[in-house]
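# Observations on the three-dimensional arrangement
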Amino acid sequence: MTDFTRQYPPELEAAFWRLYRDFFDQAERRRRWSLEKDIPWAQCNRGLDPAIADVVESFCAVELYLPDYLAPAVSRSRHSRAQAWFYANWGYEESKHSLALGDWLLRSGMRSEGQMADLGGMAFRHPWQLPHDSHVAMIAYAMVQERATALNYRNLRRRARERGGDPALEKLLMLVAVDEQAHHRFFLECVRLYLKHDPQGTLEQLRRVMNAFAMPALHLLADGRQRAARIKGLGIFDEDLYYREVYLPTLAALGVQRSEMRNRLPGRKSAPAGGTP
């Protein structure tokens, strides 16, 4: 399959640019939110179940790998203004997610400044590496990962409400989940274009990505296994949720039949929980 590391055909790049402008324009009209003004920080619940704070901290840790996610994405998209501009926007939104999660941990009293500094040090100890060597595979990976991340935040919001409630955290998670779903839709539409341009090559990349998907970065932390177990234990994300609420809906949205994915998930890794990028 052509890896599209050179300039796209003009008609394909034009289609990507339309996707980006639609994404950007809708974000400006409907999704932009203020970290300072749109989250009711005064309503943080200092008595919330500590298990919820542990998961928020894990998601915050994964967000701290943003430079590792962003630098190769921009570099590999240099041939496409549409995709490079999208990643610039994506990086801004993801950095805001990281700030919001960290601010909640501090404002709620669940973590101290020193603990947050230690978390940052742990996150930067080992860099995250790209899981795939194909640009198209990485677009497909981002498509899946963003939907999985939105699911993580949605389910964490439900658990927070069940375990004492926290209006600030619940509003924060709602805003972040909406952003992640918008990111998913952009990447999904990109994959649609790839499928139209090179059906067989794109399907092969989809098989590589979706049949062995794992969330990024959490495994790099010294206590990553324990963090993943907490997330799974709370029913926030696991392999069954991935298959039911990410894998199957994504295939349906792309118009790809399960038989085209060989109708099975050979050698599929466990889908360890994590935050986003």
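That block above? That's the structure.
Note that the structure is predicted; figures quoted are calculated from it, not measured.

## Quick notes on the packing of aromatic side chains
This model, assessed by the stated rule, comprises 17 aromatic pairs. Aromatic side chains F59 and Y153 sit 5.4 Å apart centroid to centroid with 85° between the ring planes, which places their arrangement in the edge-to-face category. Pair noted here: F59 is in helix 2 (residues 50–63) and Y153 is in helix 6 (residues 135–162), with a separation of 94 residues, a long-range link. A single burial state applies to F59 and to Y153, both of which are buried. Among the aromatic side chains, those forming a connected cluster through ring pairs are F23, F86, Y87, W90, F186 and F187. Positioned above the aromatic ring of W85 is the side chain of R81, whose terminal nitrogen or guanidinium carbon lies 5.2 Å from the ring centre. Across the ring face of W33, the terminal group of K96 is positioned such that the distance to the ring centre comes to 4.3 Å.

## A word on the nonpolar core
W104, M143, L206 and M210 are the most contacted members of the largest nonpolar core, which has 88 residues in total. Sequence-distant contacts of L206, defined by excluding residues within four places in its chain, comprise A140, M143, V191, L195, N211, L254, V256 and M261.

So, how was this worked out
- Residues numbered from 1 in each chain as written.
- Predicted model: local features only at pLDDT ≥ 70, side-chain atom pairs only at ≥ 80, totals over all residues.
- Heavy atoms only, no water.
- Phe/Tyr/Trp six-rings, centres within 6.5 Å; stacked < 30°, edge-to-face > 60°.
- Helix = DSSP H or I, 4+ residues; strand = E, 2+ residues; numbered from the N terminus.
- Buried < 20%, exposed > 50% of the residue type's maximum accessible area, 1.4 Å probe, protein only.
- Lys NZ or Arg CZ within 6 Å of the ring centre and 35° of its normal.
- Core = buried A, V, L, I, M, F, W, Y, C linked by side-chain atoms within 4.5 Å.
- Contact = heavy atoms within 4.5 Å.

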